Amino acid sequence: VDEGTSGLDASHALRVVRSLKRLARSGTTVVVTVHQPRANIFRLFDGILLLHKGKPVYCGGAATVIQYFGRLGCACPQYENPVSEPCARQASCTF
């Protein structure tokens, strides 16, 4: 799904992603592109490929992205979405 939440309010975007999550749990492979998802949507992802300026800066579990950036010296502030622009910009400086 390419930008399946674009143009939706927060409530509807969350519903779409929850539906996709249920579909994935049923055994269907789901690949989604989302630009700067809200934190509550981000927490629903199992795995992510994070790009910054078209280059990969992280590929792995969504639950471990903050620890990964922290090990690189790019700590994401508490309660900040790890795929927000400030965290991604900070993380890209290490590559």
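Please refer to the structure higher up on the page.
Starting from 1, residues in each chain are numbered consecutively following that chain's sequence as written. Reporting of local features is limited, given that this is a predicted model, to residues whose pLDDT is at least 70; pairs of side-chain atoms are given and counted only at 80 or more, and all residues count toward the totals for whole chains, interfaces and linings. Where side-chain values are given, they derive from all heavy atoms of the structure, hydrogens and water being excluded.

### A word on the overall build of the protein
- Counting from the N terminus, the helices are DSSP H or I runs at least four residues long and the strands are E runs at least two residues long. Scanning the protein from terminus to terminus reveals four helices and two strands.
- For the protein, the sequential pattern of α-helices and β-strands runs α-α-β-β-α-α.
- Relative to its full complement of 95 residues, the protein shows a buried share of 27%.
- In this analysis, two residues are considered to be in contact whenever any of their non-hydrogen atoms come within 4.5 Å of each other. Considering only contacts in the protein between residues 6 or more positions apart, those separated by 24 or more positions represent 39%.
- Carbon and sulfur atoms form 55% of the exposed surface of the protein, whose accessible area is close to 6300 Å². Relative accessibility under 20% of the residue-type maximum defines a buried residue, over 50% an exposed one, and the middle range a partly exposed one, all with a 1.4 Å probe and only protein chains included. Residue exposure ignores everything except the shown protein chains as possible cover, and the areas themselves are Shrake-Rupley values with a 1.4 Å probe.

### Some thoughts on the pattern of salt bridges
- The rule for a salt bridge is simple: a side-chain nitrogen of Lys or Arg has to be within 4 Å of a carboxyl oxygen of Asp or Glu. For the structure shown, the criterion picks out one salt bridge.
- Residues Asp-46 and Lys-21 are paired through a salt bridge, measuring 2.6 Å at the closest nitrogen-oxygen approach. Taken together, the residues Asp-46 in the loop between helix 2 (39–42) and strand 1 (47–52) and Lys-21 in helix 1 (residues 10–25) connect sequence positions 25 residues apart.
- The exposure class assigned to Asp-46 is exposed, which follows from its relative accessible area of 58%.

### So, the environment of Ser-6
- Assignment of secondary structure puts Ser-6 in the segment before helix 1.
- Spatially, the C-alpha atoms of Ser-6 and Val-34 are 7.9 Å apart, while their sequence positions differ by 28 residues.

### With respect to the side chain of Lys-21
- Of the residues examined, Lys-21 reaches a relative accessible area of 15% and is grouped as buried.
- If we skip the residues at most four places from it in the chain, Lys-21 touches Leu-44 and Asp-46.

### Observations regarding the packing of aromatic side chains
- Under the pairing criterion, centres of Phe, Tyr and Trp rings, with the six-membered ring standing for Trp, must be within 6.5 Å; the plane angle then separates stacked pairs below 30 degrees from edge-to-face pairs above 60, leaving the rest tilted. For the structure on display, the rule yields four aromatic pairs.
- Look at Tyr-58 and Tyr-68: their rings are 4.9 Å apart centre to centre, the planes differ by 55 degrees, and that puts the pair in the tilted class. Of this pair, Tyr-58 sits in strand 2 (residues 55–61) while Tyr-68 sits in helix 3 (residues 65–71); the two residues are ten residues apart in sequence, bridging distant segments of the chain.
- Relative accessible area serves as the criterion here: at 7%, Tyr-58 is assigned to the buried category.
- A relative accessible area of 24% means that Tyr-68 is categorised as partly exposed.
- An angle of 65 degrees between the planes, with centres 6.1 Å apart, marks the rings of Tyr-58 and Phe-69 as edge-to-face. Here the residue Tyr-58 occupies a position in strand 2, and Phe-69 occupies one in helix 3, the gap between them amounting to eleven residues.
- Take Phe-69: its relative accessible area is 0%, and that puts it in the buried class.

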